[in-house]
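Residues per chain are reported as follows:
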Amino acid sequence: MVRARGRDVLYLPGGKAEPHETDVEAVVREALEETGLRLTADDVDEFAVVTEAAHGHGPDTMVTMTLFLVRPGGPLDAVTPVASAEVDEVVWVTSDDADRFPPAGIETVRLLTQADLID
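In what follows, the accompanying structure is described. Just so you know, these numbers come straight off a predicted model, no measurement behind them.

Calculation rules
Residues numbered from 1 in each chain as written. Predicted model: local features only at pLDDT ≥ 70, side-chain atom pairs only at ≥ 80, totals over all residues. Heavy atoms only, no water. Helix = DSSP H or I, 4+ residues; strand = E, 2+ residues; numbered from the N terminus. Rg over C-alpha atoms; globule rule 2.2 N^0.38 Å. Buried < 20%, exposed > 50% of the residue type's maximum accessible area, 1.4 Å probe, protein only. Lys, Arg positive; Asp, Glu negative; His and termini not counted. Charge placed at Lys NZ, Arg CZ, Asp CG, Glu CD. Expected span 1.5 Å × (residues − 1). Contact = heavy atoms within 4.5 Å. Core = buried A, V, L, I, M, F, W, Y, C linked by side-chain atoms within 4.5 Å.

## Here we look at the overall build of the chain
On a plain count of helices and strands, the chain comes out with 2 helices and 4 strands. Taken from the N to the C terminus, the helices and strands of the chain come in the order β-α-β-β-β-α. Its C-alpha radius of gyration of 14 Å places the chain within 12% of the 14 Å reference for a compact globule of 119 residues. Reported as C-alpha extents along the three principal axes, the dimensions of the chain are approximately 40 × 35 × 25 Å. In the chain, which comprises 119 residues, the proportion classed as buried is 30%. Once the 9 positive and 24 negative side-chain charges of the chain are each reduced to a mean point, those two points are 5 Å apart.

Now the structure itself:
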């Protein structure tokens, strides 16, 4: 996960798709911008969709995120993600770190743990 500039919690790397992009194209761009990882569309698989309260917004503001996984044997096996100009820190996490996540991050880590992908 990453800690964005001026933020107090850890987020999944990512962001919104530009009007001309598919979700997968946005994943590839955001991974490069935030972690320096050079992904291709073939490196990622859709994992889940999470809808939770948006961190730092009113109680009625929700965020919906489509989550993607990098395939084994992809760039994560050859490169270490690094903080970029957009983020202060890249952190490997387990479910024990949930107190550092916003609501969507907590749900994401719960799903990853349930799928035996972390911990």
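## Observations concerning helix 1 (residues 23–35)
Here helix 1 is 13 residues long and its end C-alpha atoms lie 17 Å apart, about the 18 Å a rise of 1.5 Å per residue gives. Taken together, the buried positions of helix 1 are Ala26, Arg29, Glu30, Ala31, Glu34 and Thr35. Contacts from the buried residues of helix 1 go to strand 1 (2–4) and strand 4 (87–90). Downstream of helix 1 by one or two residues, Gly36 has phi in the positive range, about 75°.

## Topic: the nonpolar core
Met1, Leu10, Val91, Val93, Phe101 and Val109 form the largest nonpolar core, which has 6 residues in total. Apart from the residues lying within four places of it in its own chain, the contact partners of Met1 are Leu10, Tyr11, Leu12, Pro13, Glu89, Val90, Val91, Val93, Phe101 and Gly105. By size, the runner-up hydrophobic cluster in this structure holds 5 residues, among which are Ala48, Leu67, Ala104 and Leu111.

## Notes on helix 2 (residues 103–114)
Over its 12 residues, helix 2 extends 17 Å from the first C-alpha to the last, a length consistent with the 16 Å expected when each residue adds 1.5 Å. Every buried residue of helix 2 is listed here: Ala104, Gly105, Glu107, Thr108, Val109, Leu111 and Leu112. Considering only its buried residues, helix 2 is in contact with strand 2 (44–53) and strand 3 (62–70). Two residues or fewer after helix 2 comes Asp116, characterised by a positive phi angle close to 55°.

## Structural notes on the environment of Asp43
Along the chain, the position of Asp43 falls in the loop between helix 1 and strand 2. Here Asp43 falls in the buried class, since its relative accessible area comes to 15%. Sequence-wise, Asp43 and Val24 are 19 residues apart; in three dimensions their C-alpha atoms are separated by 9.8 Å.

## Let's talk about unusual backbone geometry
Leaving glycine aside, a negative phi is the common case for residues, and trans is the common case for peptide bonds. At Asp116, a position not held by glycine, the phi torsion is positive, near 55°. Here Asp116 lies in the segment after helix 2. Look at Asp119: it is not a glycine, yet its phi comes out positive at around 75°. Relative to the elements of secondary structure, Asp119 occurs in the segment after helix 2.

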